[in-house]
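Understanding the architecture of this molecule
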Amino acid sequence: MRRILQAVIEGAPPPEWASLPIPDSYRGLTVHKDEVGMFEGVPLRDRDPHASLHVDEVAVPEPQIGEALVAVMAGSVNYNTVWSALFEPLPTFEFLERYGRRSPSAARHDLPYHVLGSDLAGVVLRVGPGVTRWKPGDRVVAHCLSVELEDPEGHDDTMLDPQQRIWGFETNFGGLAELALVRANQLMPKPEHLTWEEAAASGLVNSTAYRQLVSRNGADMKQGDVVLIWGACGGLGSYATQLALGGGAVPVCVVSSPEKRDICRSMGAELILDRDAEGFRFWQDDNVPNRKEWRRLGSAIRELTGGLDPDVVFEHPGRETFAASVYVARRGGTIVTCASTTGYDHYFDNRYLWMHLKRIIGSHFANYQEAWRANELIRRGHIHPTLSRTYPLRDAATAVHDVHRNAHHGKIGVLCLAPEEGLGVTDPETRQRVGDRLDLFRASHPYEPI
Ligand code: NAP
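A brief structural summary. (Residues numbered from 1 in each chain as written. Predicted model: local features only at pLDDT ≥ 70, side-chain atom pairs only at ≥ 80, totals over all residues. Heavy atoms only, no water.)

**Notes on the overall build of the chain**
- Of the regular secondary structure elements, the chain holds 17 helices and 18 strands.
- For 450 residues, the compact-globule estimate of 2.2 N^0.38 gives 22 Å, and the chain sits close to it at 21 Å.
- The buried share of the chain, reckoned over its 450 residues, is 58%.
- Partitioning the contacts of the chain with sequence separation of at least 6, the portion at a separation of at least 24 is 73%.
- For the chain, the computed accessible surface area is about 18500 Å², with 48% contributed by carbon and sulfur atoms. (Helix = DSSP H or I, 4+ residues; strand = E, 2+ residues; numbered from the N terminus. Rg over C-alpha atoms; globule rule 2.2 N^0.38 Å. Buried < 20%, exposed > 50% of the residue type's maximum accessible area, 1.4 Å probe, protein only. Contact = heavy atoms within 4.5 Å. Areas by Shrake-Rupley, 256 points an atom, 1.4 Å probe, with all protein chains shown as cover.)

Printed below as a string of structure tokens:
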């Protein structure tokens, strides 16, 4: 591993990369199959990722047809790692077992441990047969769509492929590790004005927000659209806010603290609601919705927008907010959802949907083209990573705990092979042009881990 790191830091030329020896094992953040029952009977909120996550030494997988082995300089924490660590809504070993039954190559993924992580920035070490676009030595980031494309359904939009999986969540050998195995068609050029940890922050959430909000497959946002963004300072929301601002839309950002309100302002948003200060309660109890509160949210939005209702609602909290989201969308508006963090049994009053001709769109990650376009926005310095804190790999469980407890801002990075923060920039001109936009989440408002 030391020679690989040295080659990255010294910027070894491509011929040297092909002959670098690959170690037999590497360190990665894992959950263990024999521990999936450890939280039985423990409420979700009280489950501690420190108990279920491990940093293990595991065997290096050999890249096969269409695959690449990548030296991971940095990764980032996504909410899917929280789900894996809590074994909710099901242990991710069930995904690996199902995948493993598909073919001998897929069977490599069905192991007693699951190396997690769906983002990376690093350098290609080896490519498998059939890979021509990428070569050892290429500096890359990876998006997390792993897709087979043997069936016809995925050939218009790869997200519709029946064998579509999220790498590092539904497959093994993820990016919170020193090495990772990806399909070569997950690779994208590293934005070279960014450090390794900044470059690793965006892949999953930026691509998801891009499809959800901008793409024709999602809300197809237009200039001037009012966009209600839940969790505007979180992983998805911090990119949705930037995409809305950059696309000429008007984000109405919902957050839960004065610090997050300030961060939204510094991103350029003007219309901000603090749901904590407002004390919204969209449910009277577990089963009775609180319609008055939907109306109160609608009035608060109109007050900010000068009377306009949201053309688009960017949904992901799920059960807690969904009925209010359907209610406040304008006549003919769109509610676009990609998640259910607070519960997936949603309720809404259908009269407000059909009588007012609204649409609900389901959205999930992004196809390669959408992920590539989203990455281009970062590479060109239009959208910026929202990294607030970075942990070394050995402390990755604390990073996951921060996200589980909603203590974080934006994104949390994890240093994998990178020995320290700040390395990896080879385009200082773009970095200078982007200026302090890279520090909005980190410098001004470092959050305190719980
Ligand atoms: P995150 O970084 O934790 O951000 C979520 C934000 O939601 C938080 O910052 C929080 O902001 C807000 N929130 C939490 N509880 C809320 C509640 N009860 N009511 C309203 N807002 C609430 O997570 P993320 O990365 O954005 O991911 C969010 C969800 O999307 C997760 O469930 C994740 O698994 C899912 N996801 C799905 C896809 C996909 O492809 N389908 C991709 C990415 C993520 P405030 O406290 O400031 O309001």
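Alright, that's what it looks like, and here's the rest.
**A few points about the sheet that holds strand S4 (residues 113-115)**
- Here we have three strands laid out as an open sheet, ordered S2-S1-S4, and antiparallel in their pairing. Bordering the open sheet on either side are strand S2 (54-59) and S4, each of which pairs with just one other strand. Each neighbouring strand pair of the sheet contributes to a mean axis angle of 60°, computed without reference to strand direction.
- Of the strand pairs in this sheet, strand S1 (residues 25-32) and S2 are connected by six bridges, and their pairing is antiparallel. The residue bridging Arg27 from the neighbouring strand is Glu57, located in S2.
- Contacting S1 and S4, helix H5 (residues 93-100) runs over the sheet at an angle of about 95° to S4. (Pairing = 2+ DSSP bridges. Axes fitted to C-alpha atoms, helices over the stretch in contact; angles between N-to-C directions.)

**Considerations on the packing of aromatic side chains**
- Per the stated rule, a full pass over the model turns up eleven aromatic pairs.
- On the basis of an interplanar angle of 85° and a centroid distance of 6.5 Å, the ring pair of Trp294 and Tyr352 is categorised as edge-to-face. Within this pair, whereas Trp294 is found in helix H12 (residues 291-305), its partner Tyr352 is found in helix H14 (residues 351-354), the two being separated by 58 residues in sequence.
- On the basis of relative accessible area, Trp294 is assigned to the buried category, the value being 1%.
- Overall, Tyr352 belongs to the partly exposed group, its relative accessible area being 22%.
- A network of ring pairs unites the aromatic residues Trp230, Phe280 and Phe282 as a single cluster.
- Just above the ring of Trp283 sits the side chain of Arg319; from NZ or CZ to the centre is 4.2 Å. (Phe/Tyr/Trp six-rings, centres within 6.5 Å; stacked < 30°, edge-to-face > 60°. Lys NZ or Arg CZ within 6 Å of the ring centre and 35° of its normal.)

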